[in-house]
Amino acid sequence: MAIERTLSIIKPDAVAKNVIGQIVARFEAADLKVVDMQMKQLSQADAEGFYAEHKERPFFADLVAFMTSGPVVVQVLEGENAIAQNRDLMGATNPQEAAEGTIRRDFAESIDANAVHGSDSATSAEREIAYFFGK
Ligand code: RTP
Ligand code: MG
């Protein structure tokens, strides 16, 4: 298995719930290393550009409004199989469908306020890391 990098965001709901540390601990326990990290208030343009692939979807405006509703923590995670590994730790998009022990099952309220983002492919990871960290 290859060492990969992936982009993770702790979303405004999880920051507001004061569970940044608990979420980062899940990554660390799975041998994913935080190799870059920034707390940031996303602008409308930041959120729209980040989620550009969804701009025709009916939930796009709500997604952008949610992602700009408070600060987020943007991180680069590194480790073996990091992209899929992070997606497994996160659980399903809808927390009601997320497996036990996943971040979304334990910390998310709804499909809109679902605690974390993670890159869904190597192509996305490369784009998303460059989007926030310029490398
Ligand atoms: P993310 O990109 O945030 O990691 O989430 P994801 O891959 O699990 O889900 P994705 O399909 O990329 O959707 C991005 C975010 O849009 C919201 N969403 N709402 N109401 C809906 O049907 C719906 N579908 C997606 C979610 O907040 C999701 O995280
Ligand atoms: Mg996605």
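- With an unreviewed UniProt entry as reference, the chain is termed Nucleoside diphosphate kinase, source organism Pontibacterium sinense.
- Here is the UniProt Sequence similarities (unreviewed entry) comment for the chain, exactly as written: "Belongs to the NDK family."

1. With respect to the site of ligand 1
Argument step 1. The immediate surroundings of ligand 1 are formed by 14 residues, with K11, Y51, T93, I111 and H117 found nearest.
Argument step 2. Within the side chain of K11, a nitrogen or oxygen atom sits 2.8 Å from an oxygen atom of ligand 1.
Argument step 3. T93 is positioned with one of its side-chain polar atoms (N or O) 2.5 Å from an oxygen atom of ligand 1.
Argument step 4. Among the secondary structure elements, those contributing two or more residues to the shell around ligand 1 are α5 (82–90) and β4 (116–118).
Argument step 5. Its residues placed into classes, the shell around ligand 1 shows 5 nonpolar, 5 polar and 4 charged.

2. As for the sheet that holds strand β2 (residues 33–40)
Argument step 1. Taken in spatial order, the 4 strands line up as β2-β3-β1-β4 in an open sheet, and their pairing is antiparallel. Each edge of the open sheet is held by one strand with a lone partner, namely β2 and β4. Here the average twist between neighbouring strands, direction ignored, is 20°.
Argument step 2. Across 8 bridges, the pairing between strand β1 (residues 3–10) and strand β3 (residues 72–80) is antiparallel. Pairing of I10 across the sheet is with V73, part of β3.
Argument step 3. Sheet contacts for α5: β1, β3 and β4; angle to β1, the most-contacted strand, approximately 35°.

3. Considering the packing of aromatic side chains
Argument step 1. Considering all chains together, one arrives at 4 aromatic pairs under this definition.
Argument step 2. Centroid distance F50 to Y51: 5.0 Å. Interplanar angle 80°. Geometry classified as edge-to-face.
Argument step 3. Classification of F50 by relative accessible area gives buried; the value is 1%.
Argument step 4. Relative to F132, the ring of F50 lies with its centre 5.3 Å away and its plane at 45°, an arrangement referred to as tilted.

4. Considerations on the pattern of salt bridges
Argument step 1. If you walk through the whole model with that rule in mind, you get 4 salt bridges.
Argument step 2. Notably, a salt bridge pairs R5 with E78, separated by 2.7 Å at the nearest N-O pair. Of the two residues, R5 sits in strand β1 while E78 sits in strand β3, which places them 73 residues apart along the sequence.
Argument step 3. According to the relative accessible area criterion, R5 is partly exposed, its value standing at 39%.
Argument step 4. When its relative accessible area of 24% is taken as the criterion, E78 is described as partly exposed.
Argument step 5. The salt bridge partner of E100 is R105, with a shortest N-O separation of 4.0 Å.
Argument step 6. According to the relative accessible area criterion, R105 is partly exposed, its value standing at 39%.

About the thresholds
- Residues numbered from 1 in each chain as written.
- Chains lettered and ligands numbered in written order.
- Predicted model: local features only at pLDDT ≥ 70, side-chain atom pairs only at ≥ 80, totals over all residues.
- Heavy atoms only, no water.
- UniProt positions renumbered as here; feature names shortened; annotations may be inferred.
- Near = heavy atom within 4 Å.
- Polar contact = N/O pair within 3.5 Å; in protein donor to acceptor, adjacent residues only side chain to side chain.
- Helix = DSSP H or I, 4+ residues; strand = E, 2+ residues; numbered from the N terminus.
- Nonpolar A, V, L, I, M, F, W, Y, C, P; charged D, E, K, R; others polar.
- Pairing = 2+ DSSP bridges.
- Axes fitted to C-alpha atoms, helices over the stretch in contact; angles between N-to-C directions.
- Contact = heavy atoms within 4.5 Å.
- Phe/Tyr/Trp six-rings, centres within 6.5 Å; stacked < 30°, edge-to-face > 60°.
- Buried < 20%, exposed > 50% of the residue type's maximum accessible area, 1.4 Å probe, protein only.
- Salt bridge = Lys/Arg side-chain N within 4 Å of Asp/Glu carboxyl O.

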